[in-house]
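Structure at a glance
So you can see what is in the structure, the chains are spelled out below.
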Amino acid sequence: MTGKPGRTARGGAQTSAGDLLDLVRSGRAVTRGALQQMTGLSRATVGQRLDRLFRAGWLREGANGPVDSPLGGRPAVTLEFDGSHAVVLAADLDTRHARAALLTLTGEILAERSGALVVEDGPEVVLAGLGRWFAELLTETGHAPEAVCGIGLGVPGPVDSETGRVVQPPMMSGWDGYDIRGRLSRAFTEHTGTSTGTGTSPVPVLVDNDANLMAYGEQRTGYQDCRAFVLVKVSTGIGAGVVVDGAIYRGVDGGAGDLGHIRVGTEALCRCGSYGCLAAVASGGAVARRLTEAGVPAASGSDVRDLLAAGHPEAAALAREAGRRVGDVLATVVTLLNPGVLMIAGDLAGTPFLTGVRELLYQRALPRSTAHLDVLTARLGERAGLIGAGALVVEHLYAPERVEERLAALGV
């Protein structure tokens, strides 16, 4: 989890300790001399601001030894972000299942657990369950609750990123407008016995759409050079996450990427109450219903995934058909966004579905739109959302404008 690319940190004497940390984390300047060159600050000022970061435990001298200094003279000691001074908790909710993990600040998963958590049971029950899981992960790894600097959560619905509340979620009955941040923070407190993390304030909680976080996790860890990245999650519903120039694109109120409710001209009734939505005919839930009608019991997209893994021919045929329907819609998405990577994730991600997507996508989209497009399945699998949630927390907390606030709170 490195700093975001593209930020210019030349602010003369106003360049903050947060700007210096951003330069080091991104790898654009990893010595004192390079920081002087890029910021225009004096050697003494750079030293003073780096000293604050060292005292906070956020920076350390690199293990790779000295490198040639851009200012000449003797080799300079390298600097690097110290990802061991805190940890992050992350969780990824699906409609009937959840995963949670404890991660380092650099994205390594230290401990993980998963199990049944049904979103229709309501936010009180589900978030209390996550709080219990978080406490168990900390106990398992021997980390104190105070080591947690932030919590990230992915949910299967549109999220207003300013408030962390879901907005009219089709598959999350009882969650609309609910204070997820506040309840999850209280659940953390109840099960760990503390409400504070590495500072003196309550642990910050960030909430985002699950497909957004999956896209962010995949793009940050494997495709950082891709300026326009799209991930489509096909499970109980269908949603897309879009990352443009290293940042999640959410739209004006978190509704971007809701592919499942694009009308595709059928009469099938969707869970949102409308007819003809893509999710009603091409999601994991839709394929499960068709299999059940054909005499092959399947209650959800996860059951379809298991049947596909076992090579079930009827499941494979229906998954390929679903892929064709989604590919037809994605032809428009690709034409509009011109991404370099289109990644398929979720319960249906596999050869049959991907084949169907490619068939219609390349048939309907203009060759110009697909000339430099890679269409592939997810690399991180079920961990993508966890890694994306962890990365989101780190980028939020170590953004230059927040570093100053946090250093002041630590008294350094």
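In this text the structure is predicted, and so the values were computed from the model without any measurement.

Cut-offs used in this document
- Residues numbered from 1 in each chain as written.
- Predicted model: local features only at pLDDT ≥ 70, side-chain atom pairs only at ≥ 80, totals over all residues.
- Heavy atoms only, no water.
- Helix = DSSP H or I, 4+ residues; strand = E, 2+ residues; numbered from the N terminus.
- Rg over C-alpha atoms; globule rule 2.2 N^0.38 Å.
- Buried < 20%, exposed > 50% of the residue type's maximum accessible area, 1.4 Å probe, protein only.
- Contact = heavy atoms within 4.5 Å.
- Areas by Shrake-Rupley, 256 points an atom, 1.4 Å probe, with all protein chains shown as cover.
- Lys, Arg positive; Asp, Glu negative; His and termini not counted.
- Charge placed at Lys NZ, Arg CZ, Asp CG, Glu CD.
- Axes fitted to C-alpha atoms, helices over the stretch in contact; angles between N-to-C directions.
- Left-handed = near helix turned anticlockwise from the far one by under 90°.
- Nonpolar A, V, L, I, M, F, W, Y, C, P; charged D, E, K, R; others polar.
- Expected span 1.5 Å × (residues − 1).
- Polar contact = N/O pair within 3.5 Å; in protein donor to acceptor, adjacent residues only side chain to side chain.
- Pairing = 2+ DSSP bridges.
- Phe/Tyr/Trp six-rings, centres within 6.5 Å; stacked < 30°, edge-to-face > 60°.
- Lys NZ or Arg CZ within 6 Å of the ring centre and 35° of its normal.

Concerning the overall build of the chain
Of the regular secondary structure elements, the chain holds 14 helices and 14 strands. Against the compact-globule benchmark of 22 Å for 412 residues, the chain has a radius of gyration of 23 Å, which places it among compact chains. For the chain, the proportion of its 412 residues judged to be buried stands at 53%. Intrachain contacts of the chain at a sequence separation of at least 6 include 62% that bridge at least 24 residues. Counting every atom, the chain has about 17,300 Å² of accessible surface; 49% of that belongs to carbon and sulfur. Side-chain charges in the chain split into 39 positive and 44 negative, and the spacing between the mean points of these groups amounts to 4 Å.

Structural notes on the packing of helix α1 (residues 17–26) against helix α2 (residues 32–39)
The N-to-C vectors of α1 and α2 enclose an angle of 120°; their axes lie 11 Å apart at closest approach. In this structure, α1 meets α2 at a crossing whose hand is right-handed. Contacts from L20, L23 and V24 in α1 reach L35, M38 and T39 in α2. Of the residues contributing to the contact of α1 with α2, the split by class is five nonpolar, one polar and no charged.

A closer look at helix α6 (residues 210–222)
Helix length check: α6 (13 residues) gives 18 Å between terminal C-alpha atoms against 18 Å at 1.5 Å per residue, within 8%. Most of α6 is tucked away, with 11 of its 13 residues classed as buried. All of the buried residues along α6 are D210, A211, N212, L213, M214, A215, Y216, G217, E218, Q219 and R220. The opening residue of α6, the one whose side-chain oxygen lies 2.9 Å from the backbone nitrogen of A211, is N209.

As for the sheet that holds strand β3 (residues 87–93)
In spatial order, the strands read β5-β4-β3-β6-β9; together these five strands make up an open sheet with mixed pairing. Each edge of the sheet is formed by a strand with only one pairing partner; in this case those strands are β5 (109–116) and β9 (205–209). On average, each strand axis in the sheet is tilted by 15° relative to the strand beside it, whichever way the strands run. Relative to strand β4 (residues 97–104), β3 runs antiparallel, the two sharing seven bridges. The residue of β4 that forms the bridge with A90 is A101. Along the sheet face, α6 touches β3, β6 (148–155) and β9 and points at about 100° away from the line of β9.

Here's the deal with unusual backbone geometry
Positive phi, normally seen in glycine, also occurs at Q168, with a value near 45°. Inspection of the secondary structure puts Q168 in the loop between β8 (165–166) and α5 (180–192). Positive phi, close to 50°, is recorded for N338, a residue that is not glycine. Turning to its location among the elements, N338 is positioned in the loop between α10 (313–337) and β13 (341–345).

Digging into the pairing of strand β10 (residues 228–234)
Taking burial as the measure, the seven residues of β10 include seven buried ones, the bulk of the element. Burial of the side chains of β10 extends over both faces: A228, V230, V232 and V234 are buried on one face and F229, L231 and K233 on the other. In the sheet, β10 pairs with strand β11 (residues 238–244) via seven bridges, with the strands oriented antiparallel. Bridge pairing in β11 places K233 opposite G239. Hairpin connection of β10 to β11: three residues between the antiparallel strands.

What about the pairing of β5?
For β4 and β5, the ladder comprises seven bridges, and the chain directions are antiparallel. Bridge pairing in β5 places H97 opposite A116. Turn length for the β4-β5 hairpin, with the two strands adjacent in sequence and antiparallel, is four residues, and the turn residue G107 shows positive phi of about 95°.

Quick notes on the packing of α2 against helix α3 (residues 43–56)
For the pair α2 and α3, interaxial distance at closest approach is 10 Å and the crossing angle is 115°. The chirality of how α2 crosses α3 is right-handed. Residues R32, L35, Q36 and T39 of α2 form the contact with α3, whose own contacting residues are R43, V46, L50 and F54. Its residues assigned to classes, the contact of α2 with α3 comprises four nonpolar, two polar and two charged.

Notes on the packing of aromatic side chains
Counted by the stated rule, this structure contains three aromatic pairs. Relative to Y398, the ring of W58 has its centre 5.2 Å away and its plane inclined at 75°; by these criteria the two rings are edge-to-face. Highlighted residues: W58 in the loop between α3 and β1 (59–61) and Y398 in the loop between α13 (384–397) and α14 (400–410), separated in sequence by 340 residues. Exposure class is identical for W58 and Y398. Each is buried. Judged by centre distance (5.2 Å) and plane angle (75°), the ring pair of F81 and Y398 falls under edge-to-face. Of the two residues, F81 sits in strand β2 (residues 79–81) while Y398 sits in the loop between α13 and α14, which places them 317 residues apart along the sequence. Here F81 and Y398 have matching classes, each one buried. Taken together, the ring pairs connect W58, F81 and Y398 into an aromatic cluster. The ring of F81 is capped by R25, whose NZ or CZ atom sits 5.2 Å from the centre of that ring.

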